[in-house]
Amino acid sequence: MNQPNIVSLTGRPFAASAIALQAIIVNEQEQILLLNSPRRNQGWQVISGGLEAGETILDGVRREVAEEVGPEVRARPLGVIHAQTFHYDENVRFMVGIYYLLAYEGGKIVPGDDMAGSACRWWDPDELDDASLHRHPTIIPWMLRVQLLIPALQLAGVAATLRRLRRWRASA
């Protein structure tokens, strides 16, 4: 099966791909919010879902956050930190995954929608390196470390971020 195409009004073809959204929420302690659904048994994961027709990427991320961790959660968007193409199944051979970083600003966390009944907790990035931890395939530990540089650049300045990067390199 070939990847579907759409054609612009001028006749230019573009690849058409389904979009998966992953929302990575980081708190002031630089911990990452993860959920673990007892129904899915896929391990700890970030907020994730699909972009719906007519949505922008940011609108889709905000909708997924509200659906999966509650409408009271306030999270400031910081930007896209990673994108990849992957094989979803035989009908969706080329899916684009977009990882969006958000800063937690408050609100009660209540897992809902398809994550209702899930456990949720804040994780230190070092905890995600534990080989015995049952992680969802969308959890990429190196990326979760790199993403912490973005809020650090904004909040603590470039010098503190460079010191942290040197410590991570030394410990690797």
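Now for a look at the structure at hand. (Residues numbered from 1 in each chain as written. Predicted model: local features only at pLDDT ≥ 70, side-chain atom pairs only at ≥ 80, totals over all residues. Heavy atoms only, no water.)

### Digging into the overall build of the protein
Helix and strand content of the protein: four helices and eight strands. Listed N to C, the secondary structure of the protein is β-β-β-β-β-α-β-β-β-α-α-α in terms of helices and strands. For the protein, contacts bridging at least 24 residues in sequence account for 64% of all contacts bridging at least 6. About 9800 Å² of surface is accessible on the protein, with carbon and sulfur atoms providing 54% of the total. (Helix = DSSP H or I, 4+ residues; strand = E, 2+ residues; numbered from the N terminus. Contact = heavy atoms within 4.5 Å. Areas by Shrake-Rupley, 256 points an atom, 1.4 Å probe, with all protein chains shown as cover.)

### Overview of the nonpolar core
Grouped together as the largest cluster of nonpolar side chains are 16 residues, with contacts concentrated most on A23, I25, I47, V61, V65, V69 and L102. Of all elements in the fold, only β3 (18-26), β4 (32-36), α1 (57-69) and β7 (95-106) reach the threshold of two or more residues within this core. Among the elements that take part in this core, β3 stands out by supplying four residues, more than any other. Excluding anything up to four places from it in sequence, V61 contacts L21, A23, Y100 and L102. With 13 residues, the next largest nonpolar core counts I24, L34, L78 and Y99 among its residues. (Core = buried A, V, L, I, M, F, W, Y, C linked by side-chain atoms within 4.5 Å. Buried < 20%, exposed > 50% of the residue type's maximum accessible area, 1.4 Å probe, protein only.)

### Section: the pairing of β7
Burial analysis of β7 places nine of its 12 residues in the buried class, the great majority of the element. As defined by bridge partners, β3 adjoins β7 across nine bridges and the pair is classed as parallel. Bridge pairing links L21 to I98 in β7. (Pairing = 2+ DSSP bridges.)

### Considering the pattern of salt bridges
It is possible for side chains of opposite charge to pair when their charged atoms get near one another. Here the structure, examined in full by the defined rule, presents seven salt bridges. The network of salt bridges with shared partners includes E52, E55, R63, E64 and E67. (Salt bridge = Lys/Arg side-chain N within 4 Å of Asp/Glu carboxyl O.)

### Structural notes on the environment of R39
As for its position among the elements, R39 is in the loop between β4 and β5 (47-50). With relative accessibility at 57%, the residue R39 sits in the exposed group. Spatially, the C-alpha atom of R39 lies 8.5 Å from that of G117, the residues being 78 residues apart in sequence. Discounting chain neighbours no more than four positions away, the residues touching R39 are D113, D114, M115 and A116.

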